[in-house]
Each structure stands twice: as C-alpha cells, then as structure tokens.
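Notes for the structure review
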Amino acid sequence: MTNRLAGETSPYLLQHKDNPVDWYPWGPEALQKARDEDKPILLSIGYSACHWCHVMEHESFENPKIAALMNENFVSIKVDREERPDLDAVYMEAVQAMTGHGGWPMTVFLTPEGGPFFGGTYFPAEDGRGMTSFPRVLLGVSQAYKEQRDKVFQSASEMQQFLKNSLDLQPSSREPNISVLDEAARTALSQFDRENGGTVGAPKFPQPMNIEFLLKQYHRTSDRALLAMAELTLQKMANGGMYDQVGGGFHRYSVDDVWLVPHFEKMLYDNALLSRVYLSAYQITGNAFYRHIADETLDYVAREMTSPEGGFYSSQDADSEGEEGKFYVWTPAEVIDVLGPEDGKTFNRLFDVTAKGNFEGHNIPHLERSVETFAAASNIPTESLQQSVGASKKKLYEAREKRVHPGRDEKVLVAWNGLMLRAFSEAASILERDDYRQIAVKNAEFVTSTLLRKDGDEARLWRTYKDGRAHIEAFAEDYASYANGLVSLYETTFDVRWIEIARSLVNTLIDHFWDEAGGFFSTSDFHETLVARPKELYDNALPSGNSEAAEVLMRLYLLTAEPDYERYSIATIQPLVEVLGRAPTAFGRMLSALDFYLISPAEVALIGKLGSDDMREMLRAVWGRYVPNKVVAGSEPDDKNAAEVVPLLADRPQVDGRTTAYVCRNYICQRPTTDPAEVTRLLIGDDEGVEV
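To start, this report covers the structure provided alongside it. (Residues numbered from 1 in each chain as written. Predicted model: local features only at pLDDT ≥ 70, side-chain atom pairs only at ≥ 80, totals over all residues. Heavy atoms only, no water.)

As for the overall build of the chain
Summing up its helical and strand segments, the chain has 27 helices and 21 strands in all. At 26 Å, the chain has a C-alpha radius of gyration in line with the 26 Å of a compact globule built from 692 residues. C-alpha extents for the chain along the principal axes are approximately 85 × 65 × 45 Å. Carbon and sulfur atoms provide 48% of the accessible area of the chain, an area that totals close to 27,100 Å². (Helix = DSSP H or I, 4+ residues; strand = E, 2+ residues; numbered from the N terminus. Rg over C-alpha atoms; globule rule 2.2 N^0.38 Å. Areas by Shrake-Rupley, 256 points an atom, 1.4 Å probe, with all protein chains shown as cover.)

Structural notes on the nonpolar core
Across soluble globular proteins, nonpolar side chains show a tendency to be buried alongside one another. Membership of the largest hydrophobic core comes to 158 residues, with the highest contact counts inside it found for Tyr278, Leu486, Tyr490, Leu505 and Val646. It is helix α17 (residues 414-431) that provides the largest number of residues to this core, a total of 12 residues. Counting residues in hydrophobic clusters, the runner-up holds 25 residues, among them Tyr24, Tyr91, Met92 and Val95. (Core = buried A, V, L, I, M, F, W, Y, C linked by side-chain atoms within 4.5 Å. Buried < 20%, exposed > 50% of the residue type's maximum accessible area, 1.4 Å probe, protein only.)

A look at the sheet that holds strand β9 (residues 315-316)
The strands making up a sheet associate through backbone hydrogen bonding, with each pair oriented either parallel or antiparallel. Across the sheet, 3 strands lie side by side as β8-β9-β12; this open sheet has antiparallel pairing. Two strands close off the open sheet at either side, each with one partner strand: β8 (266-267) and β12 (408-409). Pairing of β9 with β12, which is carried by 2 bridges, proceeds in the antiparallel orientation. Within β12, the residue paired with Ser315 across the bridge is Asp409. (Pairing = 2+ DSSP bridges.)

What about the layout of surface pockets?
What the second largest pocket holds in volume is close to 730 Å³. Forming the walls of the second largest pocket are 29 residues, and the residues nearest its centre are Asn239, Phe289, Leu367, Arg369 and Ser370. Elements with a minimum of two residues in the lining of the second largest pocket: α10 (224-239), α12 (288-304), α15 (371-377) and α16 (382-400). (1 Å grid on protein atoms, 1.4 Å probe; cavity = no way out; pocket = protein on both sides within 12 Å on 5 of 7 lines; lining within 4 Å. Points joined across faces, edges and corners; volume = space filled by probe spheres on them.)

Here we look at the packing of helix α19 (residues 476-493) against helix α21 (residues 545-560)
Running from N to C, α19 and α21 point in directions that differ by 35°, and their axes come no closer than 8 Å. When the axes of α19 and α21 are compared, the crossing they make is left-handed. Residue-level contacts link Glu477, Ala480, Ser481, Ala483, Asn484, Val487, Ser488, Tyr490 and Glu491 of α19 to Gly545, Glu548, Ala549, Glu551, Val552, Arg555, Leu556 and Leu559 of α21. Of the residues in the contact of α19 with α21, the class split is 8 nonpolar, 4 polar and 5 charged. (Axes fitted to C-alpha atoms, helices over the stretch in contact; angles between N-to-C directions. Left-handed = near helix turned anticlockwise from the far one by under 90°. Contact = heavy atoms within 4.5 Å. Nonpolar A, V, L, I, M, F, W, Y, C, P; charged D, E, K, R; others polar.)

Some details on the packing of aromatic side chains
Counted according to the given criterion, the structure contains 29 aromatic pairs. Here Phe424 and Tyr436 contribute two aromatic rings whose centre-to-centre distance is 5.3 Å and whose plane-to-plane angle is 70°, an arrangement assigned as edge-to-face. You can see Phe424 sitting in helix α17 and its partner Tyr436 sitting in helix α18 (residues 434-450), a full 12 residues away along the chain. Owing to a relative accessible area of 0%, Phe424 belongs among the buried residues under this scheme. Consider the rings of Tyr538 and Phe587, whose centres lie 5.3 Å apart with planes at 45°: the pair is tilted. Here Tyr538 is found in the loop between α20 (496-513) and α21, whereas its partner Phe587 is found in the loop between α23 (577-580) and α24 (588-598), with 49 residues between them in sequence. Take Tyr538: its relative accessible area is 47%, and that puts it in the partly exposed class. What makes Phe587 buried here is its relative accessible area of 3%. Among the aromatic residues, ring-to-ring pairing joins Tyr243, Phe250, Tyr278, Phe289 and Tyr290 into one connected group. Against the face of Tyr145 rests Arg149, its NZ or CZ located 5.0 Å from the ring centre. (Phe/Tyr/Trp six-rings, centres within 6.5 Å; stacked < 30°, edge-to-face > 60°. Lys NZ or Arg CZ within 6 Å of the ring centre and 35° of its normal.)

Thoughts on the sheet that holds strand β2 (residues 41-46)
One open sheet accounts for 5 strands, arranged β1-β3-β2-β4-β5; its pairing is mixed. Each of the sheet's edge strands pairs with one partner strand only, and the pair in question is β1 (24-25) and β5 (116-120). Note: β2 against strand β3 (residues 75-80), 6 bridges, orientation parallel. Across the sheet, residue Leu43 finds its bridge partner in β3, namely Ile77.

Looking at the environment of Arg589
Assignment of secondary structure puts Arg589 in helix α24. Arg589 sits 381 residues away from Pro208 along the chain, and the two C-alpha atoms are 9.2 Å apart. Here Arg589 is in contact with Met209, Glu212, Leu273, Arg276, Arg422, Asp539, Pro543, Ser547, Glu548 and Glu551, once residues within four sequence places are set aside. Only 3.4 Å separates the side chain of Arg589 from the side chain of Glu212, close enough to count as a polar contact. (Polar contact = N/O pair within 3.5 Å; in protein donor to acceptor, adjacent residues only side chain to side chain.)

Section: the pairing of strand β17 (residues 602-607)
For β17, the tally of buried residues reaches 6 of 6 residues, placing the bulk of the element in the interior. Residues Ala602, Val604 and Leu606 point to one face of β17 and Glu603, Ala605 and Ile607 to the other, with burial holding for every one of them. Note that β17 and strand β18 (residues 630-635) share 6 bridges and pair parallel. Note that in β18 the partner of Ala605 across the bridge is Ala633.

Section: empty space enclosed by the protein
Taken as a whole and judged by the stated rule, the model has 5 cavities of 30 Å³ or more. Here the largest cavity defines a volume of roughly 330 Å³. Taken together, 23 residues line the largest cavity, and the ones lying closest to its centre are Arg276, Ser280, Arg422, Glu426 and Pro628. When residues of the lining of the largest cavity are traced back to their parent elements, those giving at least two are α9 (208-221), α11 (268-285), α17, α21 and α24. In terms of residue count, the dominant contributor to the lining of the largest cavity is α11 (6 residues). Counted by class, the lining of the largest cavity contains 11 nonpolar, 2 polar and 10 charged residues. Here the second largest cavity defines a volume of roughly 180 Å³. Around the second largest cavity, the lining is made up of 17 residues, and of these Gln207, Asn210, Ile211, Leu214 and Met229 lie nearest the centre. Listed by contribution, the elements that provide at least two residues to the lining of the second largest cavity are α9 and α10. When residues of the lining of the second largest cavity are assigned to their parent elements, the largest contribution, 4 residues, is made by α9.

Side note on α11
Taking 1.5 Å of rise per residue, 18 residues should cover 26 Å, and α11 covers 26 Å from first to last C-alpha, within 8% of that figure. Summarising burial for α11: 15 of the 18 residues are buried, a large majority. One or two positions beyond α11, positive phi appears at Gly286, with a value near 75°. (Expected span 1.5 Å × (residues − 1).)

Fair warning: the whole summary comes from geometry, so function is off the table for now.
So this is what it looks like as structure tokens:
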C-alpha cells in the first residue's frame with residue numbers, strides 16, 4: 001500500500017511511496033495534522049542521487065518497526081531538496097548550528113509551528129561506529145517533546161531567532177574595487193594544492209566557479225601562476241576518475257585528494273558549469289584537450305540528460321543494482337573481451353586498468369599520464385593512438401549500455417536548466433556547432449512555454465516539471481539563472497524575444513524578491529512564510545541566486561541601458577565586498593560578477609545579414625578569443641524592433657553593405673569596422689582610434 005507521496009512528481013519522493021512510513025509531502029495538510037494532534041514533525045530532506053539517502057531508506061524507512069515508531073510519535077514529512085531549496089536552506093542552517101556540520105540525508109525535528117529543536121544527518125538503524133541509532137533518537141526526541149515541552153519550545157524559539165539574525169547583512173563600508181579581486185586571487189593561491197590541483201585535502205570538489213574567477217584574473221593581470229593553477233586543476237580532473245572516461249561528463253566529486261575515486265552520481269549543474277570553464281580554458285590556451293572535454297561533456301548531456309521536449313534532467317544516481325559505481329567500473333578481462341587482446345591491453349595500460357584494481361577489486365579508468373606522453377613512451381604515433389582510443393571508448397560505451405543503468409532523476413529544474421542553457425548557447429558560438437544552438441533554442445522554447453506563465457502583467461515561473469506537471473513557485477535562483485541563460489541564447493541567435501523574456505524575469509525578481517538591506521531573498525513575497533526568510537549568499541556547488549542576479553542584471557544593463565538594472569546589481573554586490581576577498585572559495589561567481597562590473601565590459605554590436613559568410617567571420621572574431629566581460633548584440637540592417645528592444649543596436653548603420661562591428665567600452669566607442677581582424681584587436685584591449 002502506498003503512502004501520500006504516490007501523488008508527487010519528484011523521483012526522490014516517489015522512491016519512498018511504498019515505505020511503511022506514513023509520509024506526507026510538505027504542505028498545509030501535514031502541518032495542520034501536527035497542530036491538531038500536537039505531535040512534533042520529523043522532517044527528512046534528501047535528493048534522488050544521494051547515496052546515503054538510499055542507505056537510510058533501506059535501513060530505516062523500509063523497516064516496519066522503525067516506521068511504526070515514526071508513525072506513532074511524529075508527523076513525518078519527506079522533502080526533495082532540489083525541489084525546495086528554501087526549506088533545505090533554512091533547516092540546513094539550523095542543523096549546522098546545532099551539530100557543527102550538515103549534509104544529506106538531513107533529519108530535523110520541528111515543533112508543529114515549524115521551529116527546529118533537534119537534528120542531524122544520517123542516523124544508522126543500529127548503534128555503532130560511535131553513532132546513536134535512529135530508533136534511540138526517535139524515542140529520545142519523542143520523550144523530550146512529551147516531558148520537557150518548555151525546554152523544547154524554548155530551544156525552537158531561540159533557533160528561529162538565530163536563523164533570522166543569521167540573514168541580517170551589515171552594509172560594507174568598503175567600495176567595490178580592484179583590490180578586492182587582488183586579495184581574493186592571493187587567498188586562492190595560498191589554498192592551492194600544487195601537486196594535484198584544487199584546494200588542499202580531501203574530498204575534492206570541482207569548484208568550477210572558482211576556476212572561472214582564476215581565469216578572469218589571469219586575463220586581467222597576466223599572472224601566469226593563476227593560469228597554471230587553473231590548468232593543473234582542469235587537467236587533473238579531466239584525467240582522473242571523477243571524469244567518466246568512457247561516456248563523458250563529470251561525477252559529483254572525488255572522495256580522495258587525487259581526483260581518482262568519485263561519488264558516482266552525475267549532476268546537471270556540475271556539467272553545465274564545468275563545460276563552460278573548459279571552453280574558457282580552450283579559448284585562452286588553444287589547447288584542443290580542453291575543447292575535447294567540453295565537447296564530450298555537452299554531448300553526454302545531449303545524449304543522456306535531455307528530455308524529448310527539450311528540458312534537461314537533473315541527475316543520475318551513483319548506485320545501480322544496489323552497488324555504488326557498479327555501472328562505471330571495469331576489470332581487465334571485461335575490457336579485453338570488448339576490445340580484443342591488442343586494443344584491450346593498450347587501453348588497460350593507458351587507463352590503468354589492472355588485476356588489483358583501484359576500487360573494491362574493480363577499476364575506475366583514469367589517465368596517470370597524457371595520451372601524448374604514453375604514445376611517445378610506447379613508440380606509437382600520437383594521432384594513431386588518439387584514433388584508437390576514440391574507437392575503443394565507443395565500443396566500451398556500447399558494451400556498458402547493456403548494463404543495468406543507474407536511476408535518473410528526470411525532473412526539470414528551471415535554475416539548473418538556465419545554467420545548461422547558457423553552456424550550450426556559449427558552446428554553440430565558440431565552437432560553431434549548430435546542433436548545440438538547436439539544443440539551446442529547444443530548451444528555451446520548452447521552458448518558456450511550459451514553466452513560464454503570466455500573472456497579470458507579470459511573468460511567473462514554476463520551479464519544476466515532470467510527467468506533464470509543472471508546479472512549485474520558482475525561487476530567486478530560478479529567475480536569475482534562467483534569465484542569464486536567455487541572455488546567452490540571445491547572444492547566440494540574436495532573437496530579441498529571449499531578451500524580452502529575460503527582462504520580464506528580472507523585473508519579477510526585483511519586484512518580489514528584493515531586500516531593501518541589499519540583495520535578493522530566495523523566496524518572494526508571494527511564497528509561503530517559513531520560520532525564516534532565506535537569503536542565499538554563498539556560491540557552493542551552484543551559484544547563489546544573488547550572484548546570478550548581480551551578473552545578469554549587469555549584462556542586461558549594457559544591452560538595454562536600463563539604469564535600474566545596474567543599480568540593483570551594484571546593491572547586490574556591495575554588502576558582501578568586505579568578505580569577498582577573504583573567502584574566495586565561497587564567492588566564486590560573485591567575484592566574477594564583481595570583475596564584470598569593474599573591468600569595463602566590451603559592448604559589441606554587429607549589423608549585417610544574419611547567417612551570411614561575413615557575419616560568420618565576424619562572429620568568429622568575437623568568440624574566437626577569451627574576452628570574459630562582454631555583451632554581444634546583432635541584427636539585420638534597419639531592424640527597428642531589434643534596436644528598440646536592444647538599444648545597443650540603435651543608430652548603427654551598416655558600412656559598405658558588409659557586416660559591421662561597433663565595439664564600445666565605458667561609454668566610449670571605437671570606429672565601426674568591417675574587418676574581423678580589427679574586431680579581434682579591439683576586443684583584446686587596444687585603445688587606438690577612439691571616438692566619443
């Protein structure tokens with residue numbers, strides 16, 4: 001018999017629909033039941049690709065005796081953190097304050113009014129390893145609620161006040177300036193693992209936003225130590241086991257300090273952010289290796305993480321057949337069986353697939369040395385080896401496809417789709433791949449037709465979509481991230497409808513999410529009221545809603561000349577200036593937004609026949625070099641509607657019937673040019689030939 005989760009769309013919630021626990025989704029029914037029966041709430045938060053969430057379900061939530069304890073003493077609520085980042089943020093803050101650490105699965109006990117008074121993460125079904133069993137926790141919390149009510153409610157009240165106070169921002173007296181970027185770069189260098197890349201220690205997370213910041217600072221300062229730090233990290237990650245050497249795409253993170261053994265789940269947002277930073281490294285260095293990794297990553301998303309409608313799925317599990325990583329590991333014999341003796345032995349040597357193994361008797365393929373180095377040592381022509389490896393990977397992938405696949409979370413989340421929309425849009429321009437452009441356009445058409453709705457004169461988004469159902473009011477990160485993706489799609493297609501929709505999204509963000517103290521709340525004034533109104537400030541695995549907002553507002557200001565966009569962008573960055581330089585790993589995307597504001601972004605307007613050869617040549621000049629701080633607009637000659645929507649295009653005549661580029665910075669424009677080489681020169685910073 002199923003419980004109340006059977007009516008949900010979240011794959012994570014549906015995984016628990018057959019539990020003997022009387023689960024409720026978060027909502028008025030569960031909260032009212034807790035009040036009516038005067039029972040504490042057991043709030044369990046996790047996500048579909050979370051390995052230890054599956055373990056706790058199997059050990060405890062599928063156990064009839066433990067379920068009976070939960071049903072008798074609590075109103076049990078199950079939440080998918082990816083659907084409800086607001087609840088996750090509020091109660092994670094509480095758990096971290098109570099225990100000193102956090103993570104998933106998260107288990108929090110609340111008063112019927114939602115006040116947290118006790119919590120933790122994973123609890124085992126039995127005592128052991130220095131951990132208290134879940135049944136003992138349940139009995140202890142239930143007893144405390146019945147016999148020490150005053151203490152429980154006092155604790156909940158104090159925690160609610162702590163949560164409210166923790167979100168209060170003290171305005172910074174420090175002005176946003178270059179010194180903040182310099183300080184952040186120095187701090188990042190001091191934390192660098194000079195042997196393995198990334199930050200020192202284990203586990204190692206990819207932190208693509210921090211790498212993006214390093215590349216921007218290299219571009220600004222020409223400090224080769226910053227580029228070396230970024231490149232070492234990018235190479236180690238892509239050669240390690242954290243990267244799926246057979247199928248492409250990155251796993252979540254590495255449990256060790258050498259990028260070998262990953263947590264095997266794959267998240268959409270990691271692959272969106274990482275593909276962009278590998279593209280940036282390719283633009284800077286011209287190293288085809290970085291392009292190859294970006295291509296493989298985006299091809300993986302197109303192949304395995306894209307719905308028929310065009311939405312991008314959320315994640316793939318770590319487990320298959322009840323074992324973590326089973327889908328991805330190999331023995332030498334399995335490889336030889338697929339590739340044959342000669343190619344199999346070469347692959348095993350190159351990717352360190354051995355009889356001993358490197359993961360529970362099996363092997364996670366990884367490169368201990370580059371293909372070029374291996375080819376030289378083996379007296380094999382590099383090109384020949386590369387072709388052989390490519391063919392071997394294809395055969396191994398086809399063989400792997402016959403295995404039992406990990407579960408896939410097929411819900412579409414707007415914020416995560418915005419990140420991937422931006423990645424495909426930029427890749428389409430940088431790599432001149434029309435298939436990527438088509439994927440991006442299809443995604444935008446799907447999201448804006450299915451999850452965007454009009455509420456009076458306002459644009460409102462749903463957060464999530466699955467199985468034909470869109471629901472849950474979107475959060476600040478959804479509005480900001482998808483608007484950012486739409487701006488990139490406009491720069492790739494020059495279709496002004498994407499700018500119009502992006503503007504409608506940021507207008508809703510400003511009208512309903514803005515905090516007069518600076519920055520945006522995660523929830524709007526039309527969301528349900530929680531025990532505290534969350535405000536996401538830190539860039540963790542995902543960019544915060546505030547970082548995305550600061551960046552997209554500045555990009556839209558340059559394209560549309562709307563002064564409010566610049567004002568709100570600066571007011572979002574300003575309260576954080578004091579801490580940005582001291583804690584760069586917590587503010588990677590916000591530092592990039594600050595860099596965008598400070599380093600006079602280039603404003604490029606292209607006037608010419610869209611799709612013509614000379615327009616393509618001009619676009620190749622615009623996108624062929626790493627120019628991180630720029631906006632790009634384009635239109636046919638005399639397109640009055642385009643000039644009205646994007647004022648950067650206004651009063652820009654075509655010269656001699658050829659595609660004409662106007663390059664401006666900081667209210668100063670260069671002379672128009674029809675020469676792509678001249679555009680490249682202008683974009684990399686030569687200030688000759690200035691016209692005001």
